[in-house]
Amino acid sequence: MQSGVMACTKCFCPPGDNGSSAGQRSFLGFTSFSIRDLLGAKEPHISPSLRTMDAAHEAGEVKVSRLQMEGETPPDFEYPALCDSLHGSFHDRENSPMMRAVLCAPVCKVYRFQTEDQRWLLVREQMSETPLSFSLPKQLLSALIRSHTKRAQEVKELGDLSPRWDGLRRDVVHHCDHLVGNYQETLAELEKLSASSCFKSSSSKADKHLQFVPTNLHSQRMEVSDPDSTRVWYEVTTFGAPADHHQAFKQGGLKKLLSKHTSHRDSCVSYSLDESSRARELLASVAQLQPLVFGLTEELLCVSLELSAVRLQQVLEGLTQQTERFVHALKDELVRSALSHAHSGGAPPQHAETSREGRTSPGRRDEEEWDRAWANVAVSLNCIVAMVDRLQGCEVTPSQQEPAPSSWQEQLLPLVVTLRDCVREAVGKARAAMTFVLLQEAAATTVGQGPAHIVQRRHAVFSQALSAAVCGFMLKLYGGLEDPDLLLQLHSVGLLVQFEGLLSTYGEELGMLEDMDVAVADLSRVTFAVTEARGEEPKDLLPTLSGAWGDLVVEVPLPPETFGSLPRETRDGRLIRVHPVLFNIGINQQQSLAERFGDSSLQEKVNQQSCERLRAYCSALTDARPRSAGSRSLGDMVSSLERSLDTKKRKNVGVLWAAATVCREVRGVRLTSCKSAKDRTAMSVTLEQCALLRERHQLGRQHFTAALDCMRRDGCRMDNVQKNVGSRKFAFSGVQLLTFPRLYRPPDGTFG
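Residues numbered from 1 in each chain as written. Predicted model: local features only at pLDDT ≥ 70, side-chain atom pairs only at ≥ 80, totals over all residues. Heavy atoms only, no water.

Remarks on the overall build of the protein
Item 1. A count of helices and strands for the protein gives 26 helices and 14 strands.
Item 2. Here the protein holds 752 residues, and the buried ones make up 51% of them.
Item 3. Taking as baseline every contact in the protein between residues at least 6 positions apart, the subset at least 24 positions apart corresponds to 76%. (Helix = DSSP H or I, 4+ residues; strand = E, 2+ residues; numbered from the N terminus. Buried < 20%, exposed > 50% of the residue type's maximum accessible area, 1.4 Å probe, protein only. Contact = heavy atoms within 4.5 Å.)

Written out as structure tokens, the structure is:
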């Protein structure tokens, strides 16, 4: 509560009392006091000392007065009760184990604003760090180390390969080993940091060992208490645009870098996760069944010396059963196609079955040879069955000489040898085919993604975006635990995660936007699961990562009592899909250069694609919940967004406002970013907060600008600037601000 007092001293000024002009203000010092002391004082004011920024000297004192609103009873009775009520509810909520698992180091400011009907709004603004800034990147690094180590070991165990494919294997192993080494070094450096580390400042965004950590990640929250005592929370997560400042942007961002390295991917055959799993299963089956078949053939020869028809039949039935299982496992179309691809050098198979001269193509010839291989196994087995039947049919009479024990074995031996040879040939071809599948999958997920430094860049920016998105999801979940409609929406349609970007499309920020676009898109392959925690301590409620790259699951634990009250679908562990969208509008002076002399096509493409995904999400929501309150006007809202996109207007921030409106209507997660989430982001979130007060809580229109200036001058975002750069000034110049949209300009005296 103490850190909120600086904002209060400005907001409690009598209406119309502007004091000195904004241009004459200068920062003299600071003071702190308890609002409880102010409201409980016998006098209607207190006079705390004003101290210099280094707290070494007094600079006078400041008089802070409280207002007694019309209709209120004397402060000795009413104010202490009001203060206790407000502080109690806030304290209980924010200090619960769940909130402490996701938020830490809060900064709070409290305001009072007048409504259109001359009543008062009590507004609490809170900015918090989050332990997820470091805990999730460390978990992701550990998961990447495990998966790349396993991948390298898997391809090493593929056995002998042709020189061509052995070279590819060496590339995969080198690629994995390089990444594992880098990630182990980064993880070791992160582990050296204090366990309480929750914040990466903007000045550290290019630090090599903090590459995976989001810059300046905070939860920006606003609680509004209406005159009728209803309370509403609004949340937006702010962080520096997910970008790799360590590798920088001389060669562009990820979008451009990935487009330059598609040649290797084009030369590889693409196999799905299901096909790769089938390849592993087939190799395991072959490894299990071949020794069984060979063992039973050996036993058949031994039993044939006994001249026991019953015993011979028993062994034959076992051999027949295992051989048929072997043939069934091999009759997989994946083996045929893989052999064809492997023979053609990894290129896609030819559609023509014969060449111009009428000869069979190599791919077709491989498929025919494979069909003969497994068919020969079946034919060889049939020959053995027929021979056993013939031997059993030869009855021995007393007048006939009893056959020599070796005669049965001599007749079966050549047939058994043939079966073994056919099995060896089929196993060799199947192993070669499945080895090719696994090698191609390994190549596609490693070297096929580009050089190691590009893959590392992609992992790093994804880590930044993931940490921010998980923070937003956890707050959304905690706030909706008693909302069955929201929980049903999460499971039936998924979670909308809307990123708002304020990056220009000129210079380095164009590369940042390219990084951010790829990072946001990669979030679509992440899912959430709500689980039951082992305890109720904050450490038990931290989210955990499972799965591998491309199929990550974020498990969010809840206290046992809370988890038990959730709907059955949630308790059953049904996965929650993520639908990420990114809308970006550059607003600074560099965007002016881009619009006049550069290229804004990337921004237009990103916004258009996100609008299409947003419409698809809203359509799915409307279909799943046709009667839900949140879906009644969604069509009109999305149409308004589309009209804003079609409007050819420079710095069209209306796109951002329309997208945010749709996101809040569908109860999605909102995230806002600029280069460092320090200056432009501050302008955006304060504007959004005041716009919500005006549109949803009847903030007086004549007080809108004053409220906006107040939040920017004395609110949480000014504290954010100070904790990043050590100064309470936004990093704008007067000339730069002339190019900003009017509502994104801070008040005089707050920049420089």
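That was the structure; now back to the text.
Quick notes on the sheet that holds strand 11 (residues 544–548)
Strand pairing in a sheet takes place through backbone hydrogen bonds and is either antiparallel or parallel in direction.
Item 1. Strand order in the open sheet made by the ten strands is 5-6-7-8-14-9-13-10-12-11, with mixed pairing throughout. Edge positions in the sheet fall to strand 5 (104–114) and strand 11, since each of these pairs with one other strand and no more. Within this sheet the neighbouring strands show an average axis-to-axis angle of 25°, counted without direction.
Item 2. Bridge count between strand 9 (residues 495–501) and strand 13 (residues 576–584): seven bridges; the pairing is parallel. By the bridge assignment for strand 13, Leu-496 is matched with His-579.
Item 3. Across the face of the sheet, helix 14 (residues 452–479) comes into contact with strand 7 (218–225), strand 8 (231–238), strand 9, strand 10 (526–532), strand 11, strand 12 (551–558), strand 13 and strand 14 (669–673) while running at roughly 35° to strand 12. (Pairing = 2+ DSSP bridges. Axes fitted to C-alpha atoms, helices over the stretch in contact; angles between N-to-C directions.)

Considerations on the nonpolar core
Item 1. Among the nonpolar cores identified, the biggest contains 79 residues, and Phe-499, Phe-528 and Leu-558 are the most heavily contacted of them.
Item 2. It is helix 14 that contributes the most residues to this core, 17 residues altogether.
Item 3. For Leu-558, the residues in contact, after removing those within four places along its chain, are Met-98, Leu-477, Tyr-478, Leu-481, Val-530, Thr-531, Glu-532, Ala-533, Leu-541, Phe-563 and Leu-566.
Item 4. In this structure, Trp-165, Leu-168, Val-173 and Val-423 belong to the second largest nonpolar core, which totals 58 residues. (Core = buried A, V, L, I, M, F, W, Y, C linked by side-chain atoms within 4.5 Å.)

A look at the packing of helix 23 (residues 680–697) against helix 24 (residues 701–714)
Item 1. In the contact formed by helix 23 and helix 24, the axes pass within 9 Å of each other and the chain directions differ by 150°. Here helix 23 is positioned roughly antiparallel relative to helix 24, judged by the angle of their axes. Helix 23 and helix 24 meet at a crossing whose hand is right-handed. Here helix 23 contributes Met-683, Thr-686, Leu-687, Gln-689, Cys-690, Ala-691, Leu-693 and Arg-694 to the contact with helix 24, which in turn contributes Arg-701, Phe-704, Ala-707, Leu-708, Met-711 and Arg-712.
Item 2. Here the contact of helix 23 with helix 24 is composed, by residue class, of nine nonpolar, two polar and three charged. (Parallel < 35°, antiparallel > 145°, perpendicular 65-115°, else oblique. Left-handed = near helix turned anticlockwise from the far one by under 90°. Nonpolar A, V, L, I, M, F, W, Y, C, P; charged D, E, K, R; others polar.)

Digging into the pairing of strand 14
Item 1. Where burial is concerned, most of strand 14 is hidden: five out of the five residues are buried.
Item 2. The side-chain alternation of strand 14 yields two buried faces, one formed by Val-669, Leu-671 and Ser-673 and the other by Arg-670 and Thr-672.
Item 3. In this sheet, strand 14 lies alongside strand 8 in parallel orientation, the contact comprising two bridges. Bridge pairing in strand 14 links Thr-237 to Leu-671.
Item 4. In this structure, strand 9 lies alongside strand 14, joined through five bridges in parallel fashion. Bridging from a neighbouring strand, Gly-501 pairs with Ser-673 of strand 14.

Describing helix 15 (residues 484–492)
Item 1. Among the residues of helix 15, Leu-486, Leu-487, Gln-489, Leu-490 and His-491 are the ones counted as buried.
Item 2. Of the surrounding elements, those touching the buried residues of helix 15 are helix 14, strand 9, helix 18 (568–571), strand 13 and helix 20 (601–624).
Item 3. Put simply, Asp-483 is the residue that caps the front of helix 15, since its side-chain oxygen is 3.1 Å from the backbone nitrogen of Asp-485.
Item 4. Immediately beyond the C-terminal end of helix 15, within one or two residues, lies Gly-494, with a positive phi of roughly 115°. (Polar contact = N/O pair within 3.5 Å; in protein donor to acceptor, adjacent residues only side chain to side chain.)

Some points on the pattern of salt bridges
Item 1. By the definition in use, this model includes 32 salt bridges.
Item 2. Note that Asp-719 is salt-bridged to Lys-109, the shortest N-O span being 3.2 Å. Remark: Lys-109 occurs in strand 5 and Asp-719 occurs in helix 25 (residues 716–725); sequence separation between them is 610 residues. Pair check on accessibility: Asp-719 and Lys-109 agree, each one buried.
Item 3. Between Glu-688 and Arg-670 there is a salt bridge whose closest N-O contact spans 2.6 Å. Within this pair, whereas Glu-688 is found in helix 23, its partner Arg-670 is found in strand 14, the two being separated by 18 residues in sequence. Here Glu-688 and Arg-670 have matching classes, each one buried.
Item 4. The structure contains a network of salt bridges with shared partners spanning Arg-151, Glu-154, Arg-280 and Glu-441. (Salt bridge = Lys/Arg side-chain N within 4 Å of Asp/Glu carboxyl O.)

So, unusual backbone geometry
Item 1. Positive phi, close to 65°, is recorded for Gln-118, a residue that is not glycine.
Item 2. Residue position: Gln-118 is located in the loop between strand 5 and strand 6 (120–129).
Item 3. Its identity is not glycine, yet Lys-651 carries a phi of approximately 45°, on the positive side.
Item 4. Among the secondary structure elements, Lys-651 is positioned in the loop between helix 21 (634–646) and helix 22 (654–665).

Notes on the layout of surface pockets
Item 1. Approximately 1000 Å³ is the volume found for the second largest pocket.
Item 2. In this structure, the second largest pocket is lined by 33 residues; those nearest its centre are Arg-151, Leu-273, Glu-441, Thr-445 and Trp-549.
Item 3. At the level of elements, helix 5 (132–156), helix 9 (273–304), helix 13 (405–445), helix 14 and strand 11 are the ones that each hand at least two residues to the lining of the second largest pocket.
Item 4. Class assignment of the residues belonging to the lining of the second largest pocket gives a composition of ten nonpolar, 13 polar and ten charged. (1 Å grid on protein atoms, 1.4 Å probe; cavity = no way out; pocket = protein on both sides within 12 Å on 5 of 7 lines; lining within 4 Å. Points joined across faces, edges and corners; volume = space filled by probe spheres on them.)

What about the pairing of strand 7?
Item 1. Burial runs high along strand 7: eight of the eight residues are buried.
Item 2. Residues of strand 7 alternate between two faces, with His-218, Gln-220, Met-222 and Val-224 on one and Ser-219, Arg-221, Glu-223 and Ser-225 on the opposite face, all of them buried.
Item 3. Note that strand 7 and strand 8 share eight bridges and pair antiparallel. In the strand pairing of strand 8, Gln-220 is matched with Val-236.
Item 4. The hairpin turn running from strand 7 into strand 8, its antiparallel successor, is five residues long, and Ser-229 in that turn takes a positive phi close to 75°.

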